[in-house]
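Residue strings, one per chain:
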Amino acid sequence: MIDRASGLAYRDSASGKMVWLASVQDCQGQIVAPNQVVYPNAFDRVKARVRYSYTKSGLIQDVLLEERPPPPSRWGMSDSGTRLQVWTEFVSGPQPSVQTSRVPSGAGDWVEDARVNFGAMQLTAGRAFVLGDENALDGATVAKQWVELEGRRSLIEEVALSAVAAELEALPEPRQSALPPSRKEQETQLVSKMGELLPPAKLRVA
């Protein structure tokens, strides 16, 4: 089975509008421990690393933000009702069984969370954390969705921004490239269908 992070997105839970924040880009992996590989500068418009850890129980993918993402208000979205998403594309492997349930989001509402079972492998609960204090965000639910769009399969993991607001605020300011777009750019980037959000299939972490 082959999977890879494909990008970061925002979803406004009230309006259903979505915007693609950053796509994965080519970068060189670095072995930082016997069981860990880190891809620095893994995304094109948000500074973040992707870390893969191999353990006896399976594979862990972590997206480590190194700067504050642009605010949702940049696209006219609600700061309180927006969720930060990590998209991971599965480019090969068996078809999973998927069961969904409603779970508290940590932001005062409920969200759909998927249990994805490939038989020999299952996708367990994700979590938001702070490096050095991995229990700091135990109340912030990371919900999962399994979607199949245009013949491509993706896992979407999302967390309510309001549940991690203080931790994001402590990150460095976004780079110049994250300045607010023009009105025309806002209208172009904001979408209402998940299928419109998919990045080109050729993008990958190399």
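Keep in mind that this is a model prediction, so the values were computed, not measured.

Q: Give me the lowdown on the overall build of the protein chain, citing residues and values where you can.
A: Counting its regular elements, the protein chain contains two helices and 14 strands. A burial count over the protein chain gives 43% of its 206 residues as buried. For the protein chain, contacts bridging at least 24 residues in sequence account for 59% of all contacts bridging at least 6. For the protein chain, the exposed area adds up to about 11,000 Å²; of that, 50% sits on carbon and sulfur atoms.

Q: Please provide a residue-by-residue account of the packing of aromatic side chains, values included.
A: The final tally for this structure, using the stated rule, is six aromatic pairs. Seen from their ring centres, Y10 and W75 are 6.2 Å apart, and the 75° between their planes marks the pair as edge-to-face. On the criterion of sequence distance, the pair formed by Y10 in strand β1 (residues 2–12) and W75 in the loop between β6 (58–65) and β7 (82–92) is long-range, its members being 65 residues apart. Overall, W75 belongs to the buried group, its relative accessible area being 4%. Considering the side-chain rings of W20 and W87, the 5.6 Å spacing of their centres and the 75° angle between planes classify their relative orientation as edge-to-face. Residue W20 is found in strand β2 (residues 18–23), and its partner W87 is found in strand β7; the two are separated by 67 residues along the sequence. The two residues W20 and W87 agree in class, both being buried. Through pairs of rings, three or more aromatic residues link up here, namely F90, F118 and W146.

Q: Give me the lowdown on the sheet that holds strand β10 (residues 122–123), citing residues and values where you can.
A: Working definition: the strands of a sheet are paired by backbone hydrogen bonds and lie parallel or antiparallel to each other. Here we have three strands laid out as an open sheet, ordered β8-β9-β10, and antiparallel in their pairing. Looking along the sheet, the strands with just one partner apiece sit at the ends: β8 (97–104) and β10. As judged from the two bridges shared by strand β9 (residues 110–117) and β10, these two strands associate in the antiparallel manner. Its bridge partner being in β10, N117 is matched across the sheet by Q122.

Q: Explain the environment of P94 to me, and be specific about the residues and the numbers.
A: Inspection of the secondary structure puts P94 in the loop between β7 and β8. Taking the C-alpha atoms as reference points, P94 and N117, 23 residues apart in sequence, are found 9.9 Å from one another.

Q: Explain the environment of P104 residue by residue, including any values.
A: Note that P104 resides in strand β8. The exposure class of P104 is partly exposed, given its relative accessible area of 44%. Distance from P104 to T141, taken between C-alpha atoms, is 7.1 Å for residues 37 residues apart in sequence. If sequence neighbours within four positions are ignored, P104 has contacts with D109, W110 and T141.

Q: Can you lay out the sheet that holds strand β5 (residues 48–55) for me, pointing to particular residues and giving the numbers?
A: Taken in spatial order, the four strands make up an open sheet running β3-β4-β5-β6, and their pairing is antiparallel. Of all the strands in the sheet, the pair left with one neighbour each is β3 (30–33) and β6. Across the sheet, the mean angle from the axis of one strand to that of its neighbour is 25°, orientation sign disregarded. By the bridge criterion, eight bridges tie β5 to β6 in an arrangement that is antiparallel. In the strand pairing of β6, R49 is matched with L64.

The rules behind these values
- Residues numbered from 1 in each chain as written.
- Predicted model: local features only at pLDDT ≥ 70, side-chain atom pairs only at ≥ 80, totals over all residues.
- Heavy atoms only, no water.
- Helix = DSSP H or I, 4+ residues; strand = E, 2+ residues; numbered from the N terminus.
- Buried < 20%, exposed > 50% of the residue type's maximum accessible area, 1.4 Å probe, protein only.
- Contact = heavy atoms within 4.5 Å.
- Areas by Shrake-Rupley, 256 points an atom, 1.4 Å probe, with all protein chains shown as cover.
- Phe/Tyr/Trp six-rings, centres within 6.5 Å; stacked < 30°, edge-to-face > 60°.
- Pairing = 2+ DSSP bridges.
- Axes fitted to C-alpha atoms, helices over the stretch in contact; angles between N-to-C directions.

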